Amino acid sequence: NMEVDGSYLLARTLKEEGVEHLFYLMGGPNYEIINNSEDMGINAIDFRHEQAASMAAHAYARVTGKPGVTTAASGPGTLNLLTGQYTAWVDGAPMITLGGAGPIEDFGRGGFQEVDQVGIFEPISKAVMRPTDPARYPEHISTAFRIATTGRPGPVYIDCNEDVLYRKVEESDAVVPSRASGRARPAGDPDLIKQAVKMLSEASSPMVFAGGGVWWSQAYDELRLLVERMGIPFYTSPMSRGLLPDDHEMSFPAARSGAFRGADVVLVVGTRMNWMMTFGQRIAAESKIIQIDIHGSELGHNRSVDVGIEGDAKAVLQQLVDEADRIGFESKAKSKWIDKLREADLSRRERVAPLENSDQQPIHPLRLCKELREVMDRDSILAVDGNEILHFGRQSMPTYVPGHRLNSGPSGCMGVGLPYALGAKIAKPDKQVVALHGDGSLGMNIQDFDTAVRHNLPIVIVVSNNEGWTARVEGIRKPGRELGFTRFDKVAEALGGHGELVEDPKDLKPAFERAFASGVPAIVNVRTDPTARALSRFVGSKME
């Protein structure tokens, strides 16, 4: 019989839960969480800032579907994880955050780095915990994983107090965690399935809008079956690009707003009617809506729906396909609806072609996007972060593989690109990983380029450097906009990576190719037009 401390039991449970990577920054009292995790064969990756560690863990979850796990020192260290936890919370991504904390026995006395971390994390956590008995760590940690990964996923915060982590107990006295084997996916109500399929069969201009829920339930095969079986055009939320390939025959990405305005029946699956959907108003007022969500309270939230099906996306999409087969589904979706979307898509592409091929200097961001997409692998993982470049990238950078597209999502968080690329490279080291960055957003976590170098994570960062935040607009005051031209290429070299400066559009492709071939983390710093504005949906609003 062996005496062990809380840190050991915590790490042992992480291993039992299948954790392969731990994202952290060292300090007290979490040293022994790290040491024990490494002894258990978990790969621990240390970052230069806790925010980057948390964002990388979030990206790891988005690419693998498995919870990212972070830990940091007490007080400021743990509070630096907060923004990453918030973005995961907004995205509905599973994460486990192990916040180092001072001893519970000193609470209320003004102890070292004493702050109510549980209270601070609670509003952006699916659950919060503060274990007080080391023997119960296995139970608490396994429960945290269950909460984070079931239903609508989300981050769970666990306060790991020094006196609990270091207290010793007999290993045989530790609680044995309880787990459910073979959890079923909640299916939809059969009568509602019939109603939904009937509505889709009678529709003349139907569309599918799929979001994160389809990714978390790994329902991309079922989505493809439904789209192909019913002959229905599909769109995805920005972070779910690649659920089906962007060049699928039912994909018309550049005709998006016309599709939302012209559809008579919209199947919304696994995505919220939040601000990105203009609270549901993006869909025309006269359209009928079928909504599928695992989180019942999302059904009819912000916008009434005609059929609301509570259930898992994978289970429900399969039910819809089975019902279509049962009734011998014949699509009433006239080929003229498809032709209309195809024409709109093509004409939009033709409109931007002159900019994609422009020889102007400073370089137009759309020319940058075109040259980059032409050298990227089909199964590259792409993270996009910035303002103008985020919108240009959304319009012109395709994704073909599920889970291979990352961007700021509904939180609109800046600074995620580089950490997302690190998390993605850790998740899939054999894939090409690209972060397409604005110069403002890259400046926020640039120090973690050093993490890429130290851990041999050869990511390629391409900077659309327009010398500041947002586009420069004649006659509009934008305080703090001007940043000057930051030599991120020199920063890359100084930190031990590969750096390139590009000012002429014909040099773009060779520079990208050298960066990919370098085998080390690389930054290609591209001087782009400060006046080039991406006409996003936000034009005219405060986010213009």
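Each value, and the rule that gives it
- Residues numbered from 1 in each chain as written.
- Predicted model: local features only at pLDDT ≥ 70, side-chain atom pairs only at ≥ 80, totals over all residues.
- Heavy atoms only, no water.
- Helix = DSSP H or I, 4+ residues; strand = E, 2+ residues; numbered from the N terminus.
- Buried < 20%, exposed > 50% of the residue type's maximum accessible area, 1.4 Å probe, protein only.
- Contact = heavy atoms within 4.5 Å.
- Expected span 1.5 Å × (residues − 1).
- Pairing = 2+ DSSP bridges.
- Axes fitted to C-alpha atoms, helices over the stretch in contact; angles between N-to-C directions.
- Parallel < 35°, antiparallel > 145°, perpendicular 65-115°, else oblique.
- Left-handed = near helix turned anticlockwise from the far one by under 90°.
- Nonpolar A, V, L, I, M, F, W, Y, C, P; charged D, E, K, R; others polar.
- Arc of directions from axis to C-beta.
- Core = buried A, V, L, I, M, F, W, Y, C linked by side-chain atoms within 4.5 Å.

S.K.: I would appreciate a short explanation of the side chain of Glu467 in the present structure.
M.R.: Structurally, the position occupied by Glu467 is in the loop between strand 17 (460-465) and helix 20 (488-494). Residue classification places Glu467 among the buried residues on the basis of a relative accessible area of 19%. Here Glu467 is in contact with Asp439, Arg472, Arg481, Glu482, Leu483, Gly484, Phe485 and Arg527, once residues within four sequence places are set aside.

S.K.: Would you take a moment to explain helix 7 (residues 137-149) for this structure?
M.R.: The periodicity of an α-helix, 3.6 residues per turn, causes residues three or four places apart in sequence to face the same way. The end-to-end C-alpha distance of helix 7 is 18 Å, a good match for the 18 Å that 13 residues give at a rise of 1.5 Å each. Within the sequence span of helix 7, burial applies to Tyr137, Pro138, His140, Ile141, Ser142, Ala144, Phe145 and Ala148. On its buried side, helix 7 packs onto helix 1 (6-16), strand 4 (68-72), strand 5 (95-101), strand 6 (127-129), strand 7 (155-161) and helix 8 (162-165). With its phi angle positive at about 60°, Gly151 sits one or two positions after the end of helix 7.

S.K.: Looking at this structure, how should I read the sheet that holds strand 15 (residues 405-407)?
M.R.: Working definition: the strands of a sheet are paired by backbone hydrogen bonds and lie parallel or antiparallel to each other. Strand order in this open sheet of six strands is 15-14-16-17-19-18, and the pairing throughout is parallel. The sheet is open, and its two edges are formed by strand 15 and strand 18 (498-502), each paired on a single side. Between one strand and the next, the sheet's axes are offset by a mean angle of 15°, whatever the strand orientation. As judged from the five bridges shared by strand 18 and strand 19 (residues 522-527), these two strands associate in the parallel manner. Across the sheet, Val502 pairs through a bridge with Val526, a residue of strand 19.

S.K.: Quick question: what am I supposed to make of the packing of helix 3 (residues 50-64) against helix 17 (residues 417-427) here?
M.R.: Between two packed helices, what matters for the description is the angle formed by their axes and the separation of those axes. Two elements in contact, helix 3 and helix 17, have axes separated by 7 Å at closest approach and are oriented at 50°. Considering the angle they form, helix 3 stands oblique to helix 17. Along this stretch, helix 3 crosses helix 17, giving a crossing that reads as right-handed. Of the residues in helix 17, those touching helix 3 at Ala52, Met55, Ala56, His58, Ala59, Tyr60, Val63 and Thr64 are Pro419, Tyr420, Gly423, Ala424, Ile426 and Ala427. Across the contact of helix 3 with helix 17, the residue classes break down as eleven nonpolar, three polar and no charged.

S.K.: Is there a simple way to explain helix 21 (residues 508-517) in this structure?
M.R.: Every buried residue of helix 21 is listed here: Leu508, Ala511, Phe512 and Ala515. Looking straight down helix 21, one finds its buried side chains confined to an arc of 100°; they lie on one side. Of the residues trailing helix 21, Gly519 is marked for its positive phi of about 75°.

S.K.: Help me understand the packing of helix 1 against helix 2 (residues 31-39), please; the structure alone is not making it clear to me.
M.R.: The N-to-C vectors of helix 1 and helix 2 enclose an angle of 45°; their axes lie 8 Å apart at closest approach. One way to sum up the angle between helix 1 and helix 2 is to call them oblique. The element helix 1 and its partner helix 2 pack so that their crossing is right-handed. Residue-level inspection shows Ser7, Tyr8, Leu10, Ala11 and Leu14 of helix 1 in contact with helix 2, the latter providing Glu32, Ile33, Asn36 and Ser37.

S.K.: Mind showing me how you'd approach the sheet that holds strand 9 (residues 206-210) here?
M.R.: Reading across from one edge, 10-9-11-12-13 is the order of the five strands in this open sheet, with parallel pairing throughout. Two strands close off the open sheet at either side, each with one partner strand: strand 10 (234-236) and strand 13 (307-310). Looking at each pair of strands side by side, their axes are set apart by 15° on average, direction ignored. One ladder, built from five bridges, connects strand 9 with strand 11 (residues 265-269); its direction is parallel. When the sheet's bridge partners are listed, Val208 is paired in strand 11 with Leu267. Of the strands in this sheet, strand 9, strand 10 and strand 11 touch helix 11 (residues 220-230), which is tilted by about 170° from strand 9.

S.K.: Explain the side chain of Ser396 here, please?
M.R.: Relative to the helices and strands, Ser396 resides in helix 16 (residues 388-396). Among the residues examined, Ser396 registers a relative accessible area of 7% and is labelled buried. Ignoring any residue separated from it by four or fewer positions in sequence, one finds Ser396 in contact with Glu356, Leu366, Cys369 and Arg373.

S.K.: It is not clear to me how the nonpolar core should be interpreted in this structure. Could you clarify?
M.R.: Buried together is how nonpolar side chains tend to be arranged in soluble globular proteins. Residues Val208, Leu223, Ile290, Leu320, Leu406 and Ile461 are the most contacted members of the largest nonpolar core, which totals 94 residues. With nine residues, the single largest contributor to this core is helix 3. Excluding residues within four positions of it along the chain, Ile461 makes contact with Leu418, Ala435, His437, Leu442, Phe449, Ala522, Ile523 and Val524. If you look at the next biggest cluster of nonpolar residues, it comprises 29 residues, including Val4, Leu98, Ala135 and Ile141.

S.K.: Whenever I open this one, the pairing of strand 5 confuses me. Can you help?
M.R.: Along a regular strand, successive side chains alternate from one face of the sheet to the other. For strand 5, the buried fraction is high: seven of the seven residues fall into the buried class. The alternating pattern of strand 5 places Met95, Thr97, Gly99 and Ala101 and Ile96, Leu98 and Gly100 on opposite faces, both of which are buried. Sheet topology places strand 4 next to strand 5; five bridges connect them, and they run parallel. Bridged to Gly68 within strand 5 is Met95.

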